[in-house]
Amino acid sequence: MTPVPGTGSAGGQEEDQEKDYERAGLAGRLTPGTSPALLLVDPARAYVDPACPLYAGAGAEGAAEAMRGLLSVARAAGIPVIVTRVVLRPDGSDGGVFFRKVPSLRAFVEGSPYGEFIKGLAPRETELTVTKQYPSAFFGTPLSTYLTSHGIDTVLIAGLTTSGCVRATALDAMQHGFVPVVVEEAVGDRDAGVHAANLFDIRHKIGEVWGVGRVEEYLSPGGI
């Protein structure tokens with residue numbers, strides 16, 4: 001795990017953090033189930049196009065590459081794939097307070113090229129596209145009903161950005177009774193420290209954070 005920035009050596013600080021969280025009873029682990037789905041959260045051009053205010057730099061570009069590989073693995077395993085996108089009315093009225101708080105969400109108004117899927121991450125016709133206006137993929141969408149009706153117990157989460165829509169989605173997945181597994185290399189943010197801090201918090205309070213290799217093993221024949 002990438003250490004959270006702070007005082008002292010990185011290794012020593014990480015060890016101290018782990019011990020502190022263990023003492024606080026924040027070291028629980030969740031065991032993923034036998035019926036997973038892959039959820040790609042907002043793999044939008046906005047985050048990888050330097051011309052867009054929401055461009056998240058190398059963190060997003062690296063995550064996009066990892067998402068492509070993860071998507072191929074999920075499809076080969078035959079598990080459900082869900083991809084989310086943000087689409088807002090031209091005046092942002094359906095984005096409410098969120099739109100007022102984050103004016104750069106104008107990048108996602110209807111017809112904006114920044115709302116297009118990153119190359120190689122568009123869903124197939126047989127895969128579910130969830131359109132949302134707020135951070136969580138669950139809020140105001142049919143996602144929970146879809147997962148429940150398909151018998152899903154575990155949600156493998158990748159996407160952008162770690163501190164925003166990924167974290168909100170992982171939290172809501174847990175609150176809806178699904179085991180959230182955030183795929184470490186396949187999520188990214190504009191700031192490495194913020195990215196690392198949110199992964200640390202997700203791992204201790206919300207769900208699991210796994211590397212791509214562990215996810216591939218989980219999805220391999222006999223792994224689930």
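The preceding data block contains the structure.
Quick caveat: nothing in here was measured; it's all calculated off a predicted structure.

## Some thoughts on the pattern of salt bridges
Two side chains bearing opposite charge may form a pair once their charged atoms approach each other closely.
Part 1 of the reasoning: This model, assessed by the stated rule, comprises 11 salt bridges.
Part 2 of the reasoning: The partner of Glu-18 in a salt bridge is Arg-203, and the shortest N-O contact between them spans 2.3 Å. One end of the pair, Glu-18, is in helix H1 (residues 10–23); the other, Arg-203, is in helix H6 (residues 192–205), with 185 residues separating them in the sequence.
Part 3 of the reasoning: Overall, the relative accessible area of 16% leaves Glu-18 in the buried class.
Part 4 of the reasoning: For Arg-203, a relative accessible area of 16% puts it in the buried group.
Part 5 of the reasoning: Arg-167 is the partner of Asp-201 in a salt bridge, and the nearest nitrogen-oxygen pair spans 2.7 Å. Here Asp-201, found in helix H6, pairs with Arg-167, found in helix H5 (residues 162–175); they are 34 residues apart in sequence, far enough to count as distant.
Part 6 of the reasoning: Given the relative accessible area of 14%, Asp-201 is considered buried.
Part 7 of the reasoning: When its relative accessible area of 25% is taken as the criterion, Arg-167 is described as partly exposed.

## Some points on the pairing of strand S5 (residues 179–188)
Part 1 of the reasoning: Among the 10 residues of S5, eight are classified as buried, and the element is accordingly described as predominantly covered.
Part 2 of the reasoning: What joins strand S4 (residues 154–160) to S5 is H5, and the crossover it makes is right-handed.
Part 3 of the reasoning: The pairing of S5 with strand S6 (residues 208–210) spans three bridges and is classified as parallel. Paired with Val-182 across the strands is Val-209, a residue of S6.
Part 4 of the reasoning: For the crossover that starts at S5, traverses H6 and ends in the parallel S6, the hand is right-handed.

## Regarding unusual backbone geometry
Part 1 of the reasoning: Cis geometry is found at the peptide bond from Leu-160 to Thr-161, where omega equals -5°.
Part 2 of the reasoning: Within the secondary structure, Thr-161 is located in the loop between S4 and H5.
Part 3 of the reasoning: Even without glycine at this site, Asp-42 takes up a positive phi of about 50°.
Part 4 of the reasoning: Examined against the element boundaries, Asp-42 turns out to sit in the loop between strand S1 (36–41) and helix H2 (57–77).
Part 5 of the reasoning: Looking at Asp-42, the relative accessible area reads 2%, which means it is buried.

Conventions we followed
Residues numbered from 1 in each chain as written. Predicted model: local features only at pLDDT ≥ 70, side-chain atom pairs only at ≥ 80, totals over all residues. Heavy atoms only, no water. Salt bridge = Lys/Arg side-chain N within 4 Å of Asp/Glu carboxyl O. Helix = DSSP H or I, 4+ residues; strand = E, 2+ residues; numbered from the N terminus. Buried < 20%, exposed > 50% of the residue type's maximum accessible area, 1.4 Å probe, protein only. Right-handed = clockwise from strand over helix to strand, strands pointing away. Pairing = 2+ DSSP bridges.

Such coordinate-based values are descriptive only and should not be taken to indicate function.
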